[in-house]
Amino acid sequence: MIEPKIVVDSPHHNAECPLWHPQDQCLYWTDIPRGKLYRYNPQTDSHSEIYSGEPVGGLTLQADGSLLLFKTKGTIERWKEGKTTTLINEIPAEKHTRFNDAIADPTGRVFSGTMATSEDKGRLYRIDTDGSIHIILEELLVPNGMGFSPDLKYFYLTDSDTRTIYRFDYNQETGDITNQQNYIVIPQGEGVPDGMTVDSEGYIWSARWDGKHLYRYAPDGTEVLRIEFPALKVSCLAFGGSDYSQIYVTTAGGNDRSKEGSGAGAIFHFQSDVKGIPEFKSRILID
């Protein structure tokens, strides 16, 4: 039985978007409502706050080692050791919402969604390497975890409020996604699908908000594993370590552990029998 261990016992309101940085062998993540970013060094078993400001709803690792921060109002900034540089000031259509999750593709483009509001539906954007912005999907509610199949034939996207993980055909040359299919639909009573990733065997790992578990699904969508956490809101995960055999899991609800669980808001870790795949690096506005 897999028993995740707490490595950062801080009561985050909503720890999200864990991202392994292979150059410095550290884990980064955001506490969205608090507008903070953190870094954990497993070599020293220590963590630190590295940013405080506007909420960050998504992260990618740039090819130059910096981070891209996907924020409120469609703002995208580059962060490098404490210094932020604005790349895209805002997207006017998103002035009342924020980005939620982000992922780079093999060529350095980035996909990132924006959350629906009472006035407008959510959208999925693709930001190309020249900084141009393209609406890829509309009529979403809470676009969330994303991933690519190891053979790069498919792109996966979670829409939390429809309880669905979609699968699309993916064209690496153009960045287009087509042929939307309901790939995994989460039954009522099992929580809400949140962040996700894909391992080296092509299996999907999906975190379950209000579901206390992390799930693993075979390429055909069949559930093969579920791992329980002492936290009701399991928000996201990332593979890391020198060989990508370590799994780090973020959780939320640390502001009310009496209701949300004794480990709510903590960062968890466990050793995996299967390895992950390094995240692709974004190349937005890199010459």
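In this convention, every chain numbers its residues from 1, walking through the sequence in written order. Reporting of local features is limited, given that this is a predicted model, to residues whose pLDDT is at least 70; pairs of side-chain atoms are given and counted only at 80 or more, and all residues count toward the totals for whole chains, interfaces and linings. Values shown for side chains rest on all heavy atoms present in the structure; no hydrogens or waters enter the calculation.

- By the naming in an unreviewed UniProt entry, the chain is SMP-30/Gluconolactonase/LRE-like region domain-containing protein, taken from Calothrix parasitica NIES-267.
- UniProt positions are given in the numbering used here, feature names are shortened, and annotations may be inferred rather than shown by experiment. The UniProt entry for the chain carries this comment under Sequence similarities (unreviewed entry): "Belongs to the SMP-30/CGR1 family."

## Overview of the environment of Pro-22
Phase 1 of the analysis: Assignment of secondary structure puts Pro-22 in the loop between strand E2 (15-21) and strand E3 (26-31).
Phase 2 of the analysis: Here's how the labels work: a residue is buried when its accessible area is under 20% of the maximum for its type, exposed when over 50%, partly exposed in between, all with a 1.4 Å probe on protein chains only. On the basis of relative accessible area, Pro-22 is assigned to the partly exposed category, the value being 29%.
Phase 3 of the analysis: The sequence separation of Pro-22 and Ser-242 amounts to 220 residues, and the corresponding C-alpha distance is 7.3 Å.
Phase 4 of the analysis: Not counting the four nearest positions on each side in its chain, Pro-22 is found in contact with Leu-61, Tyr-244 and Lys-281. The way it works is that DSSP assigns letters per residue, a run of H or I at least four long becomes a helix, a run of E at least two long becomes a strand, and they are numbered from the N terminus. In this description, contact between two residues means that some pair of their heavy atoms is separated by no more than 4.5 Å.

## Comments concerning the pairing of strand E10 (residues 99-104)
Phase 1 of the analysis: Among the six residues that make up E10, six are buried, leaving the element largely enclosed by the rest of the structure.
Phase 2 of the analysis: Two strands make a pair as long as DSSP finds a minimum of two bridges between them. Bridge count between E10 and strand E11 (residues 110-114): five bridges; the pairing is antiparallel. Its bridge partner lying in E11, Asn-100 is registered against Gly-113.
Phase 3 of the analysis: Taking the residues that link successive antiparallel strands as the turn, the E10-E11 hairpin has five residues, and the phi of Gly-108 there is positive, at about 100°.

## Quick word on the nonpolar core
Phase 1 of the analysis: Nine residue types can take part in a nonpolar core, namely buried Ala, Val, Leu, Ile, Met, Phe, Trp, Tyr and Cys, and a core is a set of them joined through side-chain atoms within 4.5 Å. Residues Trp-29, Trp-205, Leu-214, Phe-229, Val-249 and Phe-270 are the most contacted members of the largest nonpolar core, which totals 24 residues.
Phase 2 of the analysis: Other than its neighbours up to four places away in sequence, Phe-270 contacts Ile-2, Pro-4, Trp-205, Leu-214, Ile-227, Phe-229, Ser-245, Gln-246, Ile-247 and Val-249.
Phase 3 of the analysis: Ile-103, Met-146, Phe-168 and Ile-177 belong to the second-largest nonpolar core, a separate cluster that totals 14 residues.

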